[in-house]
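An overview of the molecular structure
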Amino acid sequence: MKLLLHTCCAPCSVYCIESLRNKNIDPTVYWYNPNIHPYMEYKARRDCLKEYTKSINIQAIFEEEYGLDEFCRNVIQDLENRCINYCYPIRLEQTAKYAKENGYDTFSTTLLVSPYQKHDEIRRIGEKIATNYNLSFYYEDFRVGFREGQAKARELGLYMQKYCGCIFSEEMRYYNCNPIQARATNGYETPKEPRMQVKKIENKEDYIYLLLEADPSKDMIHKYLNDSDVYALKKEDELISIAVILHIDRKTLELKNIVTKENFRNKGYAKTLLKSLCGNYKQKYDRMLVGTTENNIPFYVKQGFDKYEKTIKNFFIDNYKEKIKDGELTCTDLIYYSKDLKKK
Ligand code: SF4
């Protein structure tokens, strides 16, 4: 099989290339990323990939197109959907074009390794473009190796980027900062602000109204609520966020629900509560699972839930009477990630 592998950066390529080579597929690396800004960042990622591909003796092609103006012109009208509407298609289309013109049978992308990306959309777009070019799109869920690949990249001293690529994602890197830092006290992490407290709740049923905002089925909530611990983040006596933690086995927990009251959202409180709970549970437990929709994966990965576990296909269709919406997304699959609670 002659495979052209669109490659966004060296660290993401590590696991993908290894996985393909283990299957006796020797891909050609293809660099085409007009979405990476500013120029010095573009250069740092490109040059690192040049060095890395040389060091592992793999064929690599570099399209030297920085493309800031063209990129911005094409995404500025609809920034929210820029990844799906422009950034994925433009890169995969160019990869398919090159593949077709140069005798490749199939193409793929290292974007499939990242838990931060909209994985199903990349697959959908890749397959659609492949049809147009009479090629196949090689799909593999490389996310299983994300953590391993990143660790190896760090060991190799590869350049590790801090944001996805475009200037808009660079802005989000700072915009999403949590205003409340946590600190360790006797092994239990509590929020720094003195008036903030995490309290275990006994009268769980009283909070169903809030839990329904994250999981809109009372029946589903009742399946896990009784066997779970419920915690609230409070500012003095005012409830801010609530989280439900289910004990799976002696070493494993699952975060079943976490929600912040509407007037406190986008201020980092859910992150604060989660960090506090992970700090507490790490005394006795090794890992915490979370099942989430595609949209929330970046949030959880940033909180350390960076190991992809599994996908339950059509979970939301099979278990909920109504269509479940998460912003623009109609939820279908439930995607599981886990956090290593012992990891520093
Ligand atoms: S966030 Fe990443 S995938 Fe989305 S448009 Fe920016 S560079 Fe592209």
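Residues numbered from 1 in each chain as written. Predicted model: local features only at pLDDT ≥ 70, side-chain atom pairs only at ≥ 80, totals over all residues.

Overview of the overall build of the protein chain
A tally of regular secondary structure across the protein chain gives twelve helices and 16 strands. Here the C-alpha radius of gyration of the protein chain, 22 Å, is about what a compact globule of 344 residues would show, namely 20 Å. With the principal axes as the frame, the protein chain shows a C-alpha extent of 65 × 45 × 40 Å. Looking at the protein chain as a whole, 35% of its 344 residues are labelled buried. For the protein chain, the share of sequence-separated contacts (at least 6 apart) that also reach a separation of at least 24 residues comes to 72%. (Helix = DSSP H or I, 4+ residues; strand = E, 2+ residues; numbered from the N terminus. Rg over C-alpha atoms; globule rule 2.2 N^0.38 Å. Buried ≥ 20, exposed ≤ 12 C-beta atoms within 10 Å, placed from the backbone. Contact = placed C-beta atoms within 7 Å.)

So, the site of the ligand
In the vicinity of the ligand, the contacting residues are Asn 35, Arg 82, Cys 83, Cys 87, Cys 164, Gly 165, Cys 166, Phe 168 and Ser 169. When residues of the shell around the ligand are traced back to their parent elements, those giving at least two are α4 (82–101) and α7 (167–175). (Near = placed C-beta within 6 Å.)

Some points on the domain arrangement of the protein chain
How big an interface is tends to be expressed through the accessible area that disappears when the partners come together. We note that the domain assignment places domain 1 (3–171) and domain 2 (176–340) within the protein chain. Placing the centre of domain 1 and that of domain 2 at their C-alpha centroids yields a distance of 31 Å. Taken together, the contacts link nine residues of domain 1 with eight residues of domain 2. Listed by contribution, the elements that provide at least two residues to the side of domain 1 that touches domain 2 are α5 (119–132) and α6 (146–156). (Domains from an automatic or database assignment.)

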